[in-house]
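Each chain, written out:
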Amino acid sequence: MRTFQKSSKLENVCYDVRGPVLDEANRMQESGIDVLKLNIGNPAPFGFSAPEEVILDMIYTLRDSQGYSDSKGIFSARKAIMQYCQIKKIPNVTINDIYTGNGVSELINMVTQGLLDNGDEILVPSPDYPLWTGCVSLAGGTPVHYICDEQSEWYPDIEDIKSKITDKTKAIVLINPNNPTGAVYPKELLLEIVELAREHELMIFSDEIYDRLVFDGIEHTSIASLAPDVFCITLNGLSKSHMIAGFRCGWMVLSGAKEKAKGYIEGLNMLSNMRLCSNVPGQAIIQTALGGYQSVNEYLMPGGRIYEQREYIYNAINDIPGLSAVKPKAAFYIFPKMDTKKFNILDDEKFALDLLKEKKVLITHGKGFNWGEPDHFRIVYLPSVEELRKATGKLRDFFAGYHQKL
């Protein structure tokens, strides 16, 4: 009997943020068990809403958004993104250098598919947002993971990056602010990465979806603003900063040494045309969202909801014996470390399943973010402080008696 298997192209692709542990959580929910989900950065289920002006503008423009747009996007959206690039000091960006996408996720797939031949290498952070590793593999490339150092605020290890550059390396991926660690990289470090890209003639992919979700008065620097002579693609969007993950509003911007990438840009144009265009109602609100008052700032100040949830989760995690965490500087994730000797943890996916089954709390294990050791997990701290208090109480009880059995 003929059977149909998944493509061999998927052999090295995983996305454990929505993987086997989530499948088990869904089965539990279907059987009537209440599960506290701390696994996905989706603001809406936790009571966050888009700014009213954004919703009203989508309603107002809906009738005019029924047809296809230009494959790169509507003029008003790209013009607003171009002006945002000026604020971020990204040089020499024109309307034609901007592509809208169905979220950054679609564009990650596009930039890797358009670049990679079999065996090409791309430097990807560890831990990473796993779609980067998955898309590099799916495109036939090899993701080579460089270490982000927990002892140094989760900053990229420059020496480790240097040691992993080969003649097959085409690009380096930067996730700044970082998911899953919440790190924000200082200008001095970014300049070192630019110098490596310049020296080895690499392009830079910079995923900056959380650049408007930064705490404590820290200023986010876009690496493209420091690299006018290096070909850069900067990816960003509204899913997180405007709490509209379901609207799929993303974009990418080409800057720097575009003359070195003419063939690649032809490929991007081809891929952009093949998918016709991104979601037009989503594009229609970009101008409104990027202009005027940014209501997300209220959440990030002392007394603001995300700020207070960060403060709570950071302190609560560090108060649990056997756990520790670096304080996030951005986004809404924390990446705690477990004492694997204390808890006998050899398999972090099994730990996640044990926690789910015993305490009905869903997290994502560290290897789901291409972290090499079974000693971390990610918590999404979007729930209210009251819900986080329940979750950390369950974590404390769980770890008080946990000794992994394989």
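It should be noted that the structure appears before, not after, this text.
Here the residue index of a chain counts from 1 through its sequence in written order. pLDDT decides what is reported in this predicted model: residues at 70 or higher carry local features, side-chain atom pairs at 80 or more are listed and counted, and totals for whole chains, interfaces and linings draw on all residues regardless. Hydrogen atoms and water are omitted, and side-chain values are computed over all heavy atoms in the structure.

Draft legend 1. Quick peek at the state of the cysteines. Pairs of cysteine sulfur atoms within 2.5 Å are what we label disulfides. One pass over the full model with this rule turns up zero disulfides. Between Cys 85, a cysteine without a disulfide, and Cys 232, which holds the nearest cysteine sulfur, the sulfur-to-sulfur distance is 12 Å. Overall, the relative accessible area of 3% leaves Cys 85 in the buried class. When accessible area is computed with a 1.4 Å probe and restricted to protein chains, residues below 20% of their type maximum are described as buried, those above 50% as exposed, and intermediate ones as partly exposed.

Draft legend 2. Quick peek at the nonpolar core. By convention a nonpolar core is built from buried Ala, Val, Leu, Ile, Met, Phe, Trp, Tyr and Cys residues, the set being connected through side-chain atoms within 4.5 Å. Residues Trp 132, Phe 205, Ile 233, Tyr 264, Phe 351 and Phe 399 are the most contacted members of the largest nonpolar core, which totals 81 residues. Contacts between residues were defined by any pair of non-hydrogen atoms, one from each residue, lying within 4.5 Å. Beyond its immediate stretch of four places on either side in the chain, Phe 399 contacts Ile 320, Leu 323, Met 338, Phe 343, Phe 351 and Phe 377. Counting residues in hydrophobic clusters, the runner-up holds 52 residues, among them Ala 50, Val 93, Leu 190 and Ile 204.

Draft legend 3. Spotlight on the packing of aromatic side chains. Under the pairing criterion, centres of Phe, Tyr and Trp rings, with the six-membered ring standing for Trp, must be within 6.5 Å; the plane angle then separates stacked pairs below 30 degrees from edge-to-face pairs above 60, leaving the rest tilted. Counted by the stated rule, this structure contains 19 aromatic pairs. Ring centres 5.4 Å apart and planes at 55° place the aromatic pair Phe 351 and Phe 377 in the tilted group. Pair noted here: Phe 351 is in helix 14 (residues 348-359) and Phe 377 is in strand 15 (residues 377-380), with a separation of 26 residues, a long-range link. Both residues of the pair, Phe 351 and Phe 377, belong to the buried class. Should the NZ of a Lys or the CZ of an Arg lie within 6 Å of a ring centre and within 35 degrees of the ring normal, that charge is described as sitting over the ring. Looking at Arg 310, its charged tip hangs above the ring of Phe 215, at a distance of 4.3 Å from the centre. The secondary structure listing takes helices from DSSP runs of H or I that are at least 4 residues long and strands from runs of E that are at least 2 residues long, numbered from the N terminus.

Draft legend 4. Representation of the pattern of salt bridges in the model. Between Lys or Arg on one side and Asp or Glu on the other, a salt bridge is scored when a side-chain nitrogen of the former is within 4 Å of a carboxyl oxygen of the latter. For the structure on display, the rule yields 16 salt bridges. Note that Glu 195 and Arg 198 form a salt bridge whose closest N and O atoms lie 2.7 Å from each other. Pair noted here: Glu 195 and Arg 198 are both in helix 7 (residues 187-200), with a separation of three residues, about one helical turn. Given the relative accessible area of 32%, Arg 198 is considered partly exposed. Residue Asp 229 is joined to Arg 198 by a salt bridge in which the shortest nitrogen-to-oxygen separation is 2.7 Å. Remark: Arg 198 occurs in helix 7 and Asp 229 occurs in the loop between strand 7 (203-207) and strand 8 (232-237); sequence separation between them is 31 residues. If you follow the salt bridges from partner to partner, you end up with Asp 216, Arg 310, Glu 311 and Lys 327 in one network.

Draft legend 5. View of the environment of Cys 148. Mapped onto the fold, Cys 148 is located in strand 4 (residues 142-149). Between the C-alpha atoms of Cys 148 and Tyr 129, which are 19 residues apart in sequence, the distance is 13 Å.

Draft legend 6. Representation of helix 3 (residues 75-87) within the structure. Between its first and last C-alpha atoms helix 3 spans 19 Å; for 13 residues at 1.5 Å apiece the expected length is 18 Å, and the two agree. Looking only at helix 3, the buried set comprises Ala 77, Arg 78, Ala 80, Ile 81, Met 82, Tyr 84 and Cys 85. Packed against the buried residues of helix 3 are strand 2 (98-102), strand 8, strand 9 (249-255), helix 9 (280-283) and helix 10 (286-290). Multiplying 1.5 Å by the residue count of a helix minus one yields the expected span of that helix.

Draft legend 7. Highlighting the packing of helix 4 (residues 103-115) against helix 5 (residues 130-138). For the pair helix 4 and helix 5, the least separation of the axes is 9 Å and the interaxial angle reads 35°. The element helix 4 and its partner helix 5 pack so that their crossing is right-handed. Counting all contacts with helix 4, which are made through Ser 105, Ile 108, Asn 109, Val 111, Thr 112 and Gln 113, the residues of helix 5 involved are Leu 131, Trp 132, Cys 135, Val 136 and Leu 138. For the contact of helix 4 with helix 5, the residue count by class is seven nonpolar, four polar and no charged. As a rule, the C-alpha atoms of each element are fitted with a line to give its axis, helices using only the stretch in contact, and angles between N-to-C directions run from 0 to 180 degrees. When the near helix sits turned anticlockwise from the far one by under a right angle, the crossing is termed left-handed; a clockwise turn instead gives a right-handed crossing. All residues other than Ala, Val, Leu, Ile, Met, Phe, Trp, Tyr, Cys, Pro, Asp, Glu, Lys and Arg, Gly among them, are scored as polar; the first ten of these are nonpolar and the last four charged.

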